[in-house]
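So you can see what is in the structure, the chains are spelled out below.
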Amino acid sequence: MDSRLDQETARWLRWDKNPLTLESVKQLIAAGNTEELQKCFSARMEFGTAGLRAAMGTGISHMNDLTIIQTTQGFCRYLEKQFSDLKQRGVVISFDARAHPASGGSSRRFARLAATTFISQGIPVYLFSDITPTPFVPYTVSHLNLCAGIMITASHNPKQDNGYKVYWDNGAQIISPHDKGISQAIEENLEPWPQAWDDSVLNGSLLLHDPSASINKDYFEDLKKYCFHRAVNKETKVKFVHTSVHGVGHSFVQSAFKAFDLIPPEAVPEQKDPDPEFPTVKYPNPEEGEGVLTLSFALADKTKARIILANDPDADRLAVAEKQESGKWKVFSGNELGALLGWWLFTSWKEKNQDHSALQNLYMLSSTVSSKILRAIALKEGFHFEETLTGFKWMGNRAKQLIDQGKNVLFAFEEAIGYMCCPFVLDKDGVSAAVITAELASFLATKNLSLSQQLKAIYVEYGYHITRASYFICHDQETIKQLFENLRNYDGKSNYPKTCGRFEISHIRDLTTGYDDNEPDKKAILPTSKSSQMITFSFANGGVATMRTSGTEPKIKYYLELCAPPGNSDPEQLKKELDELVSAIEEHFFQPQKYNLQPKGE
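Residues numbered from 1 in each chain as written. Predicted model: local features only at pLDDT ≥ 70, side-chain atom pairs only at ≥ 80, totals over all residues. Heavy atoms only, no water.

An unreviewed UniProt entry annotates the chain as Phosphopentomutase of Odocoileus virginianus. UniProt's Sequence similarities (unreviewed entry) comment on the chain is quoted here verbatim: "Belongs to the phosphohexose mutase family." Turning to the chain, the UniProt record has this under Cofactor (unreviewed entry): "Mg(2+)". (UniProt positions renumbered as here; feature names shortened; annotations may be inferred.)

Okay, structure coming up:
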């Protein structure tokens, strides 16, 4: 074994007090299993703007008791430097229902260890006594004016994963340079502090508060302000089915419906209770569509429900499906639901605000890989639309800046089925999105309209926006880099491509290098990041294609959209054109054979 590996394992044997992970390291050393030791100890999990996300297990490259202690010690020291009033204000910590019996790790245990770290330093902790949706953490930070929030969750990742998600005192996810600062502080605080393993310090501590009851009450009170048609809700005949996909969402969505005077949805019985094994689904990700919704379709057909609402396991995202006249189910894409919710929140706002001068302070946001439908609505209706980089950390932070300037941020969304319908949570929230979608469907039913029909009406009024997103899987970072470098040197002389098959390229923005040929100085306005790949091609036919790497998965993703001006466009013709553009991008820009890429779903 090399000396660095020796050093890491020796420290682990000194510091780890979890009998299961400690024993497994001892066994690997005894068996001389260098390959497995390398996997566990060669590199520490990287703390990025999304915090940590990795498999639970032993060693510094996995989520376990010791790495949670080390991470929290670093985060604690970093917060002490940033906030002189940390001991007055404190932090909030919550968790989902994930667990990994083999290593003794679970979200609940990780949350208790994190709380122990802060309390041992005299810092107040608001620790939820039971599982909550992820949005409850940013809500609590803002609502109680705390310095930071931690959510232990891996959202919709496979069951062996867990994560450590961090919010700043503005109620939004952290952005750079905080990730670098926290990362450095973790490296400087690796040795567990004297009380690190003794979570009995929590029992009876005057610094420990359980915010569950008060936050549960206040969140749903705040949510009621977004109920616009209580009378309709009380009378509606529209039936809903809800699945929380073995996650945390069930009781919270039930409460949200009650807050809106809606009859609570029928819950898919096999999936309503939290289960860290996710036994009924291959991936607990409603974005994967039909596979995750099989049981929901069956229950809806049985109960004659027309609409299915599906949360991911930490309930910060929402998928929606609707039974069509044909008897088939339509699963809405994130962009389609974004169009419906954006239209609805604006329409409801307009009804309450006849004064047109208020439009000047009205904003909607979406990420740069999401549909531009909100831009089209904003242009026609006279409010502001802004796009941000990919991810809710950017939309949450931008929304907070706008709110602090006295602006009204009505809605933000991203195509990955994330929606911020109520700015009292500066992050995506699948609980509020579920009940607001239910009210929208109930309201439309009084006009004899379905969600699908209303979506079509939005496209007719503001122009068709049809989108397609998919990905290729690639586990080799070098290959990914090569693919993108070849796009930047398409002719071998550091020029980007001018066409893609028969499609002419009209402009290019590269947010890895900061190049944008639409700007006078060729410099992109949006922040750039050398560490991730992202190029957007705009085409002469009104198409836009973005290729980017994923921050949390071994994927190269692509997003395409064709935008037509308002009026009578032929959606079938547009779809055909989009299909051809997708094929051209895959063939000419991805070159899956050359780079040995796996298509989605294999």
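(A) Spotlight on the side chain of T49. Along the chain, T49 turns up in the loop between α3 (34-41) and β1 (52-55). Within the structure, T49 has its side chain in polar contact with the side chain of K393 (distance 2.5 Å). Beyond its immediate chain neighbours, meaning those up to four positions away, T49 contacts Q173, I174, I175, S176, D179 and K393. (Helix = DSSP H or I, 4+ residues; strand = E, 2+ residues; numbered from the N terminus. Polar contact = N/O pair within 3.5 Å; in protein donor to acceptor, adjacent residues only side chain to side chain. Contact = heavy atoms within 4.5 Å.)

(B) The UniProt feature "domain: Alpha-D-phosphohexomutase alpha/beta/alpha" (unreviewed entry) in the chain, seen in detail. Summarizing the sequence annotation, UniProt attributes the feature "domain: Alpha-D-phosphohexomutase alpha/beta/alpha" (unreviewed entry) to residues 45-190, 218-323 and 334-461 in the numbering used throughout. Along residues 45-190, the helical share is 38% and the strand share 19%, with 13 Å between the first and last C-alpha atoms. A distance of 34 Å separates the end C-alpha atoms of residues 218-323, which is 34% helix and 16% strand.

(C) Structural context of the nonpolar core. Membership of the largest hydrophobic core comes to 175 residues, with the highest contact counts inside it found for F75, I93, F118, Y164, F411, Y419 and M547. Sorting elements by how many residues they give to this core places helix α16 (residues 430-446) first, with ten residues. Those residues in contact with M547 that lie beyond four places of it in its chain are L483, F484, L487, Q533, M534, I535, F537, K557, Y558, I585, F589 and F590. In terms of nonpolar packing, the next biggest core, distinct from the first, is built from ten residues, L365, F392, A399 and L426 among them. (Core = buried A, V, L, I, M, F, W, Y, C linked by side-chain atoms within 4.5 Å. Buried < 20%, exposed > 50% of the residue type's maximum accessible area, 1.4 Å probe, protein only.)

(D) Region of the structure containing the pattern of salt bridges. The final tally for this structure, using the stated rule, is 40 salt bridges. Where E580 meets R502, a salt bridge forms, and the shortest distance between an N and an O atom there is 2.6 Å. Of this pair, E580 sits in helix α19 (residues 571-590) while R502 is found in the loop between β19 (499-500) and β20 (503-510), placing the two residues 78 residues apart along the sequence. Note on R502: relative accessible area 55%, which makes it exposed. Taken together, the salt bridges that share partners define one network made up of D65, R109, R112 and D199. (Salt bridge = Lys/Arg side-chain N within 4 Å of Asp/Glu carboxyl O.)

(E) Structural view of the pairing of strand β9 (residues 240-243). Neither face of β9 is exposed, since F240 and H242 on one face and V241 and T243 on the opposite face are all buried. The pairing of β9 with strand β10 (residues 266-267) spans two bridges and is classified as parallel. Within β10, the position partnered with V241 by the bridge is E266. The parallel pair β9 and β10 is bridged by helix α11 (residues 250-259), and the resulting crossover is right-handed. (Pairing = 2+ DSSP bridges. Right-handed = clockwise from strand over helix to strand, strands pointing away.)

(F) Examining the sheet that holds strand β8 (residues 208-209) more closely. Overall, mixed pairing links the six strands, which are arranged β1-β7-β6-β2-β5-β8 in an open sheet. Edge strands, defined here as strands with exactly one partner in the open sheet, are β1 and β8. Where strand β2 (residues 91-95) and strand β5 (residues 125-127) come together, three bridges link them in parallel fashion. Paired with V92 across the strands is Y126, a residue of β5. Helix α4 (residues 65-82) contacts β1, β2, β6 (148-152) and β7 (161-167) of the sheet and is inclined by roughly 5 degrees relative to β7. Docked against the sheet, helix α6 (residues 107-120) engages β2, β5, β6, β7 and β8, running at close to 165 degrees with respect to β2. (Axes fitted to C-alpha atoms, helices over the stretch in contact; angles between N-to-C directions.)

(G) Up close: the packing of aromatic side chains. Under the defined criterion, the tally for this structure stands at 28 aromatic pairs. Between W344 and F443, the aromatic rings sit 5.1 Å apart at their centres with planes inclined by 45 degrees, giving tilted as the arrangement. Here F443 lies in helix α16 and W344 lies in helix α13 (residues 334-352), a separation of 99 residues in the sequence. Accessibility classification places W344 together with F443 in one group, the buried group. One aromatic cluster in this structure is built from F136, Y139, Y219, F220, Y226, F252 and F424. The ring of Y462 has K380 sitting right over it, with the charged end atom 5.6 Å from the ring centre. (Phe/Tyr/Trp six-rings, centres within 6.5 Å; stacked < 30°, edge-to-face > 60°. Lys NZ or Arg CZ within 6 Å of the ring centre and 35° of its normal.)

(H) Quick look at the sheet that holds strand β17 (residues 418-420). The four strands lie next to each other as β15-β14-β16-β17, forming an open sheet whose pairing is mixed. Pairing within the sheet leaves two strands with one partner each, and these edge strands are β15 (384-388) and β17. Strand-to-strand twist across the sheet, computed as the mean angle between neighbouring axes with direction ignored, equals 15 degrees. Two elements, strand β14 (residues 362-367) and strand β16 (residues 408-414), share five bridges in a ladder whose sense is parallel. Residue pairing for β16: M364 is matched across the bridge by F411. Sheet contacts for α13: β14, β16 and β17; angle to β16, the most-contacted strand, approximately 170 degrees. Contacts from helix α14 (residues 373-381) reach β14, β15 and β16, with the element oriented near 160 degrees to β15.

(I) Inspection of the pairing of strand β18 (residues 465-473) at higher detail. Note that β18 and strand β24 (residues 555-563) share nine bridges and pair antiparallel. Paired with R468 across the two strands is L560, which belongs to β24. In this sheet, strand β25 (residues 598-599) lies alongside β18 in antiparallel orientation, the contact comprising two bridges. Bridged to I473 within β25 is Q598.

(J) Quick peek at unusual backbone geometry. Residue S176 is joined to P177 through a cis peptide bond whose omega torsion reads 5 degrees. Mapped onto the elements of the fold, P177 is located in the loop between β7 and α8 (178-187). Even without a glycine there, the phi angle at K304 is positive, about 60 degrees. With respect to the helices and strands, K304 occurs in the loop between α12 (290-303) and β11 (307-311). A relative accessible area of 68% places K304 in the exposed class.

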